[in-house]
Amino acid sequence: MTFVGAAGVLTLRPVLSAWQSTGVRPTPQPRPSPNAPDPNFPPGMNGPQATGPDKKAIDRANQQEIRSDVSKLYEMVSELKDQVEKTDANSTLSISVVKKAQQIEKLAKQIKERAKG
């Protein structure tokens with residue numbers, strides 16, 4: 001603790017001596033806000049995406065991805081159904097069936113998140 005205190009005093013000494021000798025407190029330098037507009041771009045343009053992305057194009061692409069994923073989901077569910085029908089009613093499900101169900105669940109969650117936006 002003593003060592004930490006001594007190190008703190010030694011690092012603050014130049015600042016304190018400058019403040020005491022001039023009687024004026026040094027002004028702190030302002031930090032730029034992370035939300036402030038970029039000064040390298042002309043006024044009125046807050047960055048390279050000033051016009052904004054084409055929302056309709058994004059929505060169309062998103063819909064296309066959802067349709068593709070739903071098609072994959074349908075195929076996976078059909079495969080799972082076939083695998084379950086082939087198993088004996090008295091036996092336990094195989095690891096491949098459980099893994100397929102996990103993959104289906106993961107894909108369904110991805111579709112759900114993409115559909116939310």
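Definitions and limits used
- Residues numbered from 1 in each chain as written.
- Predicted model: local features only at pLDDT ≥ 70, side-chain atom pairs only at ≥ 80, totals over all residues.
- Heavy atoms only, no water.
- Salt bridge = Lys/Arg side-chain N within 4 Å of Asp/Glu carboxyl O.
- Helix = DSSP H or I, 4+ residues; strand = E, 2+ residues; numbered from the N terminus.
- Buried < 20%, exposed > 50% of the residue type's maximum accessible area, 1.4 Å probe, protein only.
- Core = buried A, V, L, I, M, F, W, Y, C linked by side-chain atoms within 4.5 Å.
- Contact = heavy atoms within 4.5 Å.
- Patch = residues over 30% accessible without salt bridge, like charges linked within 9 Å, V, L, I, M, F, W, Y side chains within 5 Å.
- Areas by Shrake-Rupley, 256 points an atom, 1.4 Å probe, with all protein chains shown as cover.

A. Representation of the pattern of salt bridges. Per the stated rule, a full pass over the model turns up seven salt bridges. Here aspartate 69 makes a salt bridge to lysine 72, at a shortest N to O gap of 3.9 Å. Taken together, the residues aspartate 69 and lysine 72, both in helix H2 (residues 55-86) and three residues apart, mark about one turn of the helix. Overall, the relative accessible area of 9% leaves aspartate 69 in the buried class. By relative accessible area, lysine 72 is classed as partly exposed at 43%. Taken together, the shared-partner salt bridges in this structure form one network comprising Glu65, Asp69, Lys72 and Arg114.

B. Layout of the environment of glycine 117. Among the secondary structure elements, glycine 117 is positioned in the segment after helix H3 (95-116). Sequence-wise, glycine 117 and aspartate 59 are 58 residues apart; in three dimensions their C-alpha atoms are separated by 8.9 Å.

C. Looking closely at the nonpolar core. Residues Ile66, Leu73, Met76, Leu80, Val97, Ile104, Leu107 and Ile111 constitute the largest nonpolar core, which totals eight residues. Sorting the residues of this core by element identifies H2 and H3 as the ones contributing at least two each. Leaving out residues up to four positions away in the same chain, valine 97 has contacts with Leu80, Gln83 and Val84.

D. Summary view of a nonpolar patch on the surface. Nonpolar side chains collect at one region of the surface, where Val84, Leu93 and Val98 lie side by side and expose about 230 Å² of accessible area between them. For valine 84, the location among the structural elements is in helix H2. Given a relative accessible area of 37%, valine 84 falls into the partly exposed group.

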